[in-house]
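Architecture and fold: a report
Listed below, chain by chain, are the residues.
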Amino acid sequence: MDSPAPCIVMPQETKPVNAWSMPKSPWGQQKKVETCSLNDVMSEELASHLQKQQESKLAKRLEKIAPAEPQIIQPETLPCETEEDINAILAIAGETPETCDDMKIAQMLQLQFDREHNTMLEKEAQKFNSQSKVSISLENFKVSHIPKEEEDEEEEEDSDDALPEVVEHKSQWRKYQFNKGGLTGHGKDVMSKHDAVLCGRKNAEKIMQFPPDFLSGDAEKMDLRLPNHVFNKLRHYSRTGNKQFNRLHEKQENATAEHAVDPRTRILLFKLVNAEVLESITGAISGGKEAAVFHAYGGKLEEADMPSECAIKIFKTTLNEFKNRQDYIKGDHRFSKDDFKKQNPRKTIRIWAEKETANLNRMRKFDMPSPRVVALKKHVLVMTFIGENGQPAPKLKDVRFNTEDLQDAYEQTITIMKKFQDECCLVHADLSEFNLLWHDGKVWVIDVSQAVDLTHPKAFEFLFRDCQNICKFFDKSGVVNVLQPEELFNEITAWDVKGHGVDFLSQMRRYEKESSEANLALENRYHKKQYAFDFYWDLSQKQREKALGAVQLSDSDQEEDDES
Ligand code: ADP
Ligand code: MN
C-alpha cells in the first residue's frame with residue numbers, strides 16, 4: 001500500500017517552488033510540487049484545511065481498497081464515509097488524524113468489516129423477527145471492541161482482579177465508585193470491590209454475555225450471585241466446553257459398546273443415582289462376558305447403612321453363555337423349574353442377580369469375607385466395594401506375594417472353602433485365583449452367582465473342580481507342601497474318598513450314593529440349611545424390599561417385563 005505523499009499539496013494561491021528544490025531525476029521528469037512556508041503551515045487555519053483535505057483523500061482511497069460487497073451492503077451505506085467515522089477510527093487506533101500508515105488502514109478495514117458484520121446480523125434479526133411472535137437477538141454474536149483481557153485464553157487465577165470489566169451494561173453494581181484502595185462508602189456502609197455479594201452479582205451478569213450457545217438460562221431478572229471460582233469455571237467451560245463435550249460423548253459411546261450397558265440398564269443406573277442411593281458412578285472395573293462391574297460412590301439409603309464405595313455388578317441381558325450355565329440353577333432347590341420355563345432371557349438374567357444376592361447374604365450371615373449386598377434391582381446388583389479410592393483389590397492371580405503372605409493366603413483360602421461348605425452349605429463352583437481378591441491382608445471371595453447349594457446333584461463335582469483350581473494355583477505360586485486336590489476335597493468334606501483324578505471322581509460319586517454316613521451327613525446339613533436358608537432368604541427379601549421401597553424406583557419396569 002502506498003503511503004501518503006511526503007509533501008503537502010497546496011491550494012492555488014501559494015507561491016511556486018525554487019528551482020534548486022527540483023533536481024533532475026533519472027526516473028524521468030518529476031511533477032511540479034508546490035510547497036509552502038513553515039509560517040503558513042503553522043497557522044491554525046491552514047492546519048484545519050489540510051486535515052479536511054487529508055481525510056477526504058483517505059476516505060476516497062478507502063473506498064477503492066475496501067472489497068466492496070454490493071449484494072450485502074450498498075456502498076452508500078458503507079459506514080466509513082463520514083468525517084466523524086474516520087476520526088473515530090483514527091481515535092480507536094490511538095493516533096491523531098494527521099499520521100496514517102498501513103497498520104492504521106488495516107485496523108480501519110477490520111473495523112469496517114466488523115461493522116458490516118454487525119449490520120448484517122441486525123438485518124438478519126430484523127428479517128426473522130418481523131415474521132415471528134418470538135423475537136431473537138443476535139446481539140451476542142456481534143463484534144464489540146471490548147478490552148482484550150476478555151479474550152485472554154489463559155485461565156485466570158481465582159482473584160477478583162483477574163475478572164475483566166465489561167463496560168456496556170449499567171447495573172446495580174456499577175453504581176459504586178471505588179477509590180484507589182478498592183473501597184466505597186463511609187463508616188458502617190464501607191464496601192470493598194471484593195465484596196462477595198457484589199462480585200457474585202457482577203459475575204452472574206457477565207454470564208448473560210457469554211456466547212448464545214452457552215446455556216446459561218435467563219437469569220436477567222433474578223438476583224443471582226456466582227462466586228468467582230464458579231464464574232471462572234463457567235467461562236473456561238464456555239470456551240472449552242464444546243471440545244470436551246465431543247470427547248466425552250465419544251468416550252461414553254465407546255464405554256457403552258465395550259461394556260454393553262444397554263439403555264434399560266442405563267435407566268436403572270440413572271434411577272439409582274437419581275434416588276441418591278448412589279452418589280456417582282465413576283467407571284468400569286471389569287467388562288467380562290457375563291457381567292460388567294462398575295465402581296460407584298455410595299449415596300444414602302433410608303435406614304440402611306450405605307457404604308462409601310460400591311461395586312455395581314450388571315448381569316448382561318444379551319448373553320447366551322448363561323444358557324449353558326442353567327445347570328447351576330436347575331439342580332438348586334431354591335429355584336423352581338418354573339423360573340425358567342416361562343422366562344424371557346431378561347428374566348433369566350435376573351435370576352442370576354438374585355442368586356448372587358441370596359448367596360452373598362447367606363455368606364454374610366456366616367461372616368465370610370465377601371461383599372455385602374446393598375441393593376438389587378432386576379439384573380443390577382449393588383454391593384460393597386472391595387478396595388479403596390476406586391481402586392479394586394487385586395485378584396490373587398495379580399498379587400506379587402512374599403512367601404509369608406502367600407502361605408497366609410493359601411491357609412485363608414482353605415478356611416474359606418471349609419466354611420463355605422460347613423456353614424453356608426454352598427459350593428462356590430467357580431473358585432479360582434480370578435475370584436479371590438487380596439485386600440487388607442485378607443482373602444475375599446467374590447462372584448458367587450453360580451455358587452450352588454450342597455443338595456445340588458453336581459455340588460461335589462463342582463467342589464472337586466474348585467479344589468483342583470486352588471491347589472494348582474498355590475502350587476504354581478510356590479507354596480510348599482500344597483495339598484493334592486483329592487486331599488483337600490477329603491479335608492473339606494470330611495469324607496474318605498480314595499483314588500486320583502478321573503478315578504477319584506467316580507469313586508466320589510459312588511461314595512456319595514452308597515455311604516450312609518455321607519448321606520446322613522448331607523441330610524443333617526440339608527435340614528440345618530433348610531431352616532437357615534429359608535430364614536435368611538425371607539429376611540434378605542424383606543430387607544431388599546424395604547431398601548428398594550425407600551428408593552422408590554418406579555415400577556413402570558413391570559410393563560417392560562411383560563412385554564415378551
Ligand atoms: P465376572 O462374572 O465377570 O467374573 P465378577 O463378580 O468376578 O464377575 O467381577 C468381575 C471383576 O470385577 C472382579 O474380578 C473384580 O476385579 C471386580 N469386582 C467384582 N466385584 C467387586 C467388588 N465387590 N469389589 C471390588 N471389585 C469387584
Ligand atoms: Mn469373576
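Residues numbered from 1 in each chain as written. Chains lettered and ligands numbered in written order. Predicted model: local features only at pLDDT ≥ 70, side-chain atom pairs only at ≥ 80, totals over all residues. Heavy atoms only, no water.

**Regarding the overall build of the protein chain**
Helix and strand counts for the protein chain come out as 17 helices and 13 strands. Counting the 564 residues in the protein chain, one finds 39% classified as buried. Nonlocal contacts in the protein chain, meaning residues at least 24 apart in sequence, comprise 63% of its contacts between residues at least 6 apart. (Helix = DSSP H or I, 4+ residues; strand = E, 2+ residues; numbered from the N terminus. Buried < 20%, exposed > 50% of the residue type's maximum accessible area, 1.4 Å probe, protein only. Contact = heavy atoms within 4.5 Å.)

**Remarks on the side chain of His-295**
Within the secondary structure, His-295 sits in strand β4 (residues 291-298). On the accessibility criterion, His-295 (2% relative accessible area) is buried. Setting aside chain neighbours within four positions, we find His-295 in contact with Ile-281, Thr-282, Gly-283, Ile-285, Glu-309, Cys-310, Phe-385 and Gly-390.

**Focus on the packing of aromatic side chains**
Counted by the stated rule, this structure contains 10 aromatic pairs. Note on Phe-460 and Phe-489: the rings are 6.3 Å apart at their centroids and 75° apart in plane angle, and the pair reads as edge-to-face. One end of the pair, Phe-460, is in helix α13 (residues 459-477); the other, Phe-489, is in helix α14 (residues 485-493), with 29 residues separating them in the sequence. For Phe-460, a relative accessible area of 1% gives the class buried. A relative accessible area of 0% places Phe-489 in the buried class. (Phe/Tyr/Trp six-rings, centres within 6.5 Å; stacked < 30°, edge-to-face > 60°.)

**Brief notes about the confidence of the model for the protein chain**
Overall, the predicted model of the protein chain reaches an average pLDDT of 73, with 59% of residues at or above 70. Counted against residues more than four places away or in other chains, residues 146-170, with its pLDDT under 50, gives 46 contacts. Here residues 252-258 scores under 50 on pLDDT; set against residues more than four positions off or in separate chains, the count is 3 contacts. (pLDDT = per-residue confidence, 0-100.)

**Looking at the pattern of salt bridges**
Within the structure shown, the criterion is met by 7 salt bridges. Across the pair Asp-447 and Lys-313 runs a salt bridge whose closest N-O atoms are separated by 2.9 Å. Taken together, the residues span a long stretch of sequence, with Asp-447 in the loop between β12 (442-445) and β13 (452-453) and Lys-313 in strand β5 (residues 309-315) at a distance of 134 residues. The exposure classification of Asp-447 matches that of Lys-313, with both residues buried. (Salt bridge = Lys/Arg side-chain N within 4 Å of Asp/Glu carboxyl O.)

**Observations concerning the coordination of the manganese ion (ligand 2)**
Within the first shell, the manganese ion (ligand 2) binds the protein through Asn-435 (OD1) and Asp-447 (OD), at distances of 2.2 Å. In this pair, Asn-435 is assigned in the loop between β10 (426-427) and β11 (436-439) and Asp-447 in the loop between β12 and β13, connecting sequence segments 12 residues apart. (Donors = N, O, S within 2.8 Å, 3.2 Å for Na, K, Ca; no water.)

**Quick look at the sheet that holds β5**
If you trace the 5 strands from one edge of the open sheet to the other, you get β3-β4-β5-β7-β6, paired in antiparallel fashion. With one partner strand each, in any of the chains shown, β3 (278-287) and β6 (373-377) form the two edges of the open sheet. Averaged over neighbouring strand pairs, the angle between their axes works out to 20° when direction is ignored. Lying over the sheet, helix α11 (residues 345-365) contacts β5, β6 and β7 (380-384), oriented at roughly 160° with respect to β6. (Pairing = 2+ DSSP bridges. Axes fitted to C-alpha atoms, helices over the stretch in contact; angles between N-to-C directions.)

**Side note on the packing of α13 against helix α15 (residues 501-514)**
Packing of α13 against α15 brings their axes to within 10 Å, and their N-to-C directions diverge by 145°. As α13 packs across α15, the resulting crossing turns out to be right-handed. For the pair α13 and α15, the contacting residues are Phe-460, Glu-461 and Phe-464 in the first and Gly-501, Phe-504, Leu-505, Met-508, Arg-509 and Glu-512 in the second. When the residues that make up the contact of α13 with α15 are grouped by side-chain class, the tally is 5 nonpolar, 1 polar and 3 charged. (Left-handed = near helix turned anticlockwise from the far one by under 90°. Nonpolar A, V, L, I, M, F, W, Y, C, P; charged D, E, K, R; others polar.)

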